[in-house]
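The lines below spell out each chain.
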Amino acid sequence: MRLERPDQRGRFGEFGGAFAPETLMPALEALEIEFTNAWRDDSFRGELDGLLATYVGRPTPLYHADRLSKQLGINLLLKREDLAHTGAHKINNTLAQGLLTKRMGKKRVIAETGAGQHGVATATACALLELECVVYMGEKDIERQALNVYRMKLLGATVVPVTSGAGTLKDAVSAALRDWVASVATTHYIIGSVVGPHPFPWMVREFQKVIGEELKEQMDAPPDVIVAPVGGGSNAMGVFYPFVGMDGVDLVGVEAAGLGIASGLHGASIGEGSPGVLHGSMTYMLQDEFGQVLEAHSISAGLDYPGVGPEHAYFNDAGLVRYVNATDAQAVEAFHLLARSEGILPALESAHALAWIVQEASQLSGRTVVLNLSGRGDKDVQQVARLDG
Ligand SMILES: *Cc1c(COP(=O)(O)O)cnc(C)c1O
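Reading guide: rules and limits
- Residues numbered from 1 in each chain as written.
- Predicted model: local features only at pLDDT ≥ 70, side-chain atom pairs only at ≥ 80, totals over all residues.
- Heavy atoms only, no water.
- 1 Å grid on protein atoms, 1.4 Å probe; cavity = no way out; pocket = protein on both sides within 12 Å on 5 of 7 lines; lining within 4 Å.
- Points joined across faces, edges and corners; volume = space filled by probe spheres on them.
- Nonpolar A, V, L, I, M, F, W, Y, C, P; charged D, E, K, R; others polar.
- Salt bridge = Lys/Arg side-chain N within 4 Å of Asp/Glu carboxyl O.
- Helix = DSSP H or I, 4+ residues; strand = E, 2+ residues; numbered from the N terminus.
- Buried < 20%, exposed > 50% of the residue type's maximum accessible area, 1.4 Å probe, protein only.

Student: Just checking my understanding: could you explain empty space enclosed by the protein for this structure?
Tutor: One simple way to see leftover space: roll a probe sized like a water molecule over the atoms. All told, the structure shown has 3 cavities of 30 Å³ or more when counted by the stated rule. Volume-wise, the largest cavity comes out at about 440 Å³. Taken together, 35 residues make up the lining of the largest cavity; nearest its centre are K90, G192, S193, G232 and G302. Each residue belonging to the lining of the largest cavity can be placed in one class, and the counts come to 12 nonpolar, 18 polar and 5 charged.

Shown next as structure tokens:
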């Protein structure tokens, strides 16, 4: 059964909770109270809805992909999160948490970022709401994603290189958490997905579920299948949540199979991971036999994370959502397919979800399938060009 909210300890069944340093507990408790009050407050909701409409461009369209539908023998609809301001669903969360930051009287925001998409969405919200913005980013990611680093700087953010560990996303999250322990009185941490200690997974789900609520309104009847890519799990949570437990709606989350599950180089935290504590919550994660976190691998930076939101772990064990995967190569093929058939360049993350649909097309024959097109692919064009030689 779907839970409206986690239990007293912040758990979805056995998953979730708040495994955080003592110094952060008061801030997490205060955040839970602030969020609960704000979410019940018509003036907060009104301000957020106004910005979602006039600044983000919501509702995002639901587009019927005619040519690809014919080609695949299914009825394929695209929920166009790629058309949201900054090019993905992430702005839904950063804007809402930015407003919450102001409501709490805090003036400084920190965030972690992998490829820079969450960093850009956070820097954007901070520019709009006049908040100071500091983004932690792995050294290796800074090299790989120079354009997004410059974007964040243009938006007025400070980007702090993280040299510990492998210099990637998981190290950036750890650095942001360290900053927060020291700065919590003046600073809010805008986490980028439905991950982290309670109340973040629940709060970010509430901020992203607008995707699924719109989808419900945009359709005469619920679809047969909804497919979304799963990194930390926020776009999938957003589109799934209003449909979870509904009869006849198959929900499918697509994780990164990287170079192939057998290679060991992938990001399939639910499919191949096991329960453990990562970044403040109990969830499925990639870990070795000693419980050390393993590096994830994916062509797609947004899916390159060794954990997943705890509510997804709960959905998996409760049989409410199916979690499958697609490889780097399948995603690149799907990227080309959508570009040529519909004139849309999808984010490589979203291309993973399309890749699964393509692979399963004969099983899905005649059914109505919604793909959550979580973001646009302009950011991935160089990478695809390199692969294509
Ligand atoms: C960040 C990102 C994702 C993965 O994050 P989730 O929290 O799993 O949604 C997926 N798609 C796009 C376009 C992204 O930018």
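Student: What's the story with the pattern of salt bridges in this structure? I'm lost.
Tutor: Opposite charge on two side chains lets them pair, provided their charged atoms get close. Under the criterion given, the structure shown has 21 salt bridges. A salt bridge links R80 to D82; the shortest N-O distance between them is 2.8 Å. A salt bridge links K379 to E349; its shortest N-O distance comes to 2.9 Å. Taken as a pair, K379 in the loop between β14 (368-373) and α16 (381-388) and E349 in helix α15 (residues 348-359) lie far apart in primary sequence, 30 residues in all. Note on K379: relative accessible area 28%, which makes it partly exposed. Using a relative accessible area of 10% as the deciding quantity, one classes E349 as buried. Taken together, the salt bridges that share partners define one network made up of R58, K79, E81 and E214.

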